[in-house]
Amino acid sequence: MPAMAAPNWKNRTMWTGDNLDIMRGMNGKSVDLIYLDPPFNSNEDYSAPVGSEAAGAAFKDTWTLSDVDEAWHGEIADKEPALYAIIDAAGLSHGKSMKSYLIMMAVRLLEMRRLLKPTGSLYLHCDPTAGHYLKMTLDCVFGRANFRNEIVWQRTTVHSDSKTWSRISDTILFYSKGKSMTWNAPYAPHADEYVDKKYRYADGDGRRYMLDNMTSPNPRPNMMYEWKGFPYPAKGWRYSQETMARLDADGRVWYPTLEDGTYDTNRRPRLKRYLDEMKGNVMGNIWNDLPPINSQAKERTGYPTQKPLVLLDRIIKASSNPGDIVLDPFAGCATACVAAERLKRHWVGIDLSPVAASLVVSRLREEGSLLFPTHKRIDIPRRTDLGKLPSYKTHKHQLFGKQEGICAGCRVVFPFRNMTIDHIVPQSKGGTDHIDNLQLLCGACNSLKGNRDQARFLADLKARGIVGAE
Ligand SMILES: C[S@@+](CC[C@H](N)C(=O)[O-])C[C@H]1O[C@@H](n2cnc3c(N)ncnc32)[C@H](O)[C@@H]1O
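Cut-off values and rules
- Residues numbered from 1 in each chain as written.
- Predicted model: local features only at pLDDT ≥ 70, side-chain atom pairs only at ≥ 80, totals over all residues.
- Heavy atoms only, no water.
- Helix = DSSP H or I, 4+ residues; strand = E, 2+ residues; numbered from the N terminus.
- Axes fitted to C-alpha atoms, helices over the stretch in contact; angles between N-to-C directions.
- Parallel < 35°, antiparallel > 145°, perpendicular 65-115°, else oblique.
- Left-handed = near helix turned anticlockwise from the far one by under 90°.
- Contact = heavy atoms within 4.5 Å.
- Nonpolar A, V, L, I, M, F, W, Y, C, P; charged D, E, K, R; others polar.
- Domains from an automatic or database assignment.
- Disulfide = S-S within 2.5 Å.
- Pairing = 2+ DSSP bridges.
- Salt bridge = Lys/Arg side-chain N within 4 Å of Asp/Glu carboxyl O.
- Buried < 20%, exposed > 50% of the residue type's maximum accessible area, 1.4 Å probe, protein only.
- Near = heavy atom within 4 Å.
- Polar contact = N/O pair within 3.5 Å; in protein donor to acceptor, adjacent residues only side chain to side chain.
- Areas by Shrake-Rupley, 256 points an atom, 1.4 Å probe, with all protein chains shown as cover.

**Observations concerning unusual backbone geometry**
Here is step 1: Despite not being glycine, K29 has its phi angle at roughly 50°, a positive value.
Here is step 2: Relative to the elements of secondary structure, K29 occurs in the loop between α1 (19-24) and β2 (31-36).

**Re the packing of helix α8 (residues 309-319) against helix α9 (residues 335-342)**
Here is step 1: Closest axis-to-axis distance for the α8/α9 pair is 9 Å, and the angle between their directions is 60°. Here α8 lies oblique to α9, going by the angle between them. Between α8 and α9 lies a crossing whose hand is right-handed. Packed against α8, whose contacting residues are L309, L312, D313 and I316, the element α9 presents T335, A336, V338, A339, A340 and R342 at the interface.
Here is step 2: Residue composition of the contact of α8 with α9, by class: seven nonpolar, one polar and two charged.

**Observations concerning the domain arrangement of the protein**
Here is step 1: You can read the domains of the protein as domain 1 (13-186 + 283-377), domain 2 (192-277) and domain 3 (392-463).
Here is step 2: Placing a centre on the C-alpha atoms of domain 2 and another on those of domain 3 gives a separation of 77 Å.

**Considerations on the state of the cysteines**
Here is step 1: Scanning the model with the defined rule gives zero disulfides in all.
Here is step 2: C442 takes part in no disulfide bond, and the closest cysteine sulfur, belonging to C445, lies 3.7 Å away.

**Notes on the sheet that holds strand β9 (residues 201-202)**
Here is step 1: In spatial order, the strands read β9-β10-β12-β11; together these four strands make up an open sheet with antiparallel pairing. In the strand order of this sheet, the two ends are held by β9 and β11 (253-254), each with one partner.
Here is step 2: Relative to strand β12 (residues 270-274), β11 is paired through two bridges, and the arrangement is antiparallel. Looking at β12, one finds that V253 is bridged to L271.

**Some remarks on the pattern of salt bridges**
Here is step 1: Summed over all chains, the structure comprises 26 salt bridges.
Here is step 2: The salt bridge partner of R252 is E277, with a shortest N-O separation of 2.6 Å. With a gap of 25 residues between them, R252 in the loop between α7 (241-249) and β11 and E277 in the loop between β12 and β13 (281-282) connect regions that are remote in the sequence.
Here is step 3: R252 sits in the buried class, given a relative accessible area of 19%.
Here is step 4: One salt bridge connects D422 with K449, and the closest N-O pair in it is separated by 3.0 Å. Taken together, the residues D422 in strand β18 (residues 419-423) and K449 in helix α12 (residues 443-449) connect sequence positions 27 residues apart. Of the two residues examined, D422 and K449, each falls in the buried class.

**Things to note about the environment of N43**
Here is step 1: For N43, the position within the fold is in the loop between β2 and β3 (44-47).
Here is step 2: By relative accessible area, N43 is classed as exposed at 59%.

**Comments concerning the site of the ligand**
Here is step 1: By nearness alone, 19 residues border the ligand, and D37, Y303, C333, T335 and D351 come closest of all.
Here is step 2: Y303 is positioned such that a nitrogen or oxygen atom in its side chain is 2.5 Å from an oxygen atom of the ligand.
Here is step 3: Within the side chain of D351, one N or O atom sits 2.7 Å away from an oxygen atom of the ligand.
Here is step 4: Contact with the protein chains covers 97% of the free accessible surface of the ligand, which is 610 Å².

**Observations regarding the pairing of strand β5 (residues 116-126)**
Here is step 1: Counting buried positions over the eleven residues of β5 gives nine, a clear majority of the element.
Here is step 2: With five bridges joining them, β2 and β5 adopt parallel strand pairing. Across the sheet, residue V31 finds its bridge partner in β5, namely L116.
Here is step 3: Relative to strand β7 (residues 169-176), β5 runs antiparallel, the two being bridged by six bridges. Bridged to L122 within β7 is Y175.

**Thoughts on the sheet that holds strand β16 (residues 346-351)**
Each strand in a sheet pairs with its neighbour through backbone hydrogen bonds, running either in the same direction (parallel) or in the opposite one (antiparallel).
Here is step 1: Here nine strands make up an open sheet; going across it, the order is β14-β6-β7-β5-β2-β15-β16-β1-β17 and the pairing mixed. In this open sheet, the two edge strands, each paired with only one partner strand, are β14 (286-287) and β17 (375-377).
Here is step 2: Pairing of strand β1 (residues 13-16) with β16 involves four bridges; the strand directions are parallel. Pairing of T16 across the sheet is with D351, part of β16.
Here is step 3: Packing against the sheet, helix α4 (residues 96-115) makes contact with β2, β5 and β15 (325-328), and its axis sits at approximately 150° to β5.
Here is step 4: Of the strands in this sheet, β2, β5, β6 (147-154), β7, β14 and β15 are in contact with α8, which crosses β2 at around 155°.

Now the structure itself:
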């Protein structure tokens, strides 16, 4: 398989559907940055107000353990035992709803890891309801060494009626796929008091600057030269004679003078550092400078849980470059997609609600950024990154050996001739002929499974009391 796969979708695609099915059909290692803002397990159901741009959008955030969840749990148990243990522990300590929620998230996070390029990153937006369990889940999926930050975003002001410390923040968990990642260090502007204290001088054109030391902190024998009548400092200058000449020619050296305007060679020349050339402070992980969307804001769509564009701008600028691909699998009103378009990134979004696909168009139009067509899709993509695969029929002997003649559904031993090859993810849902997506089922199990996915099939076997459904 190639190290990086070309995406099997077009830039500016918004899918309507379950992100698990859709992501399973997307090529691996094809995305640079994933931002996800899934339901938080808040035990609330959300809907947009009638009359707002987002009217009609609704999503549930209540989770109960269904047979389907349990079947996915079984799938995780087979492939990711540590993840399985964590989800089970969350079920014991927090309850079944958390277990169910984490199963839903874990199967999707495993797909997201597969979709990221080796230098890619993922930002998961959550709150304290499930944040700590999600951190453990992500540690298992991405490896704890790839945990980069827990970002605290102050999303609102304090509530005066709060009975505890007022809950005003969301958490954003930031992971990279591997050791090296795309990173453009973000800087915050200096505080006003700092600027007033430090940048006390100004050129004739009003350009503010501060004065910095030009003497070397360590002995530099080759920097010991007299400069314009100023003797060299004990350890030498910080700059070579050529650099000093260039700085001087650029007007960047400040010279102390006496009252008559001649140089005061008992003091030292200093370097002018201009405020407009300073990057600011390296940014920390507490973000309290990005206000929520107010009721009058132009960007407000009425979509429940809409996030501000400035928040997505910051994440996208730091962890991707122009031309990179951004995926939001829980796109909502498409904030991440709109931000990505404005920053000249490629984007792809997925949401259960069809409202997302219309909102991305109307928002980009309002922004004046709808310069290219967007693509609405509801089908499940077919992966094209697996190379040319031999016909699935060629794998029957190998599968029979691997399964030791046991049907992968009812767990009964059958002779070779009674076994049929089944696509675990059905072909109609993007499942491929790759051997990893194939299993042998007896005729009865194969017709029971039909065109459904594995989780539903296993749940159905269990409901019928057929042995081996876990
Ligand atoms: C918290 S909202 C996202 C808000 C978004 N960040 C924004 O700024 O508008 C979560 C979204 O996830 C969607 N969703 C929930 N489960 C999903 C699934 N399995 N597949 C795709 N979308 C899903 C919901 O429809 C909802 O729009």
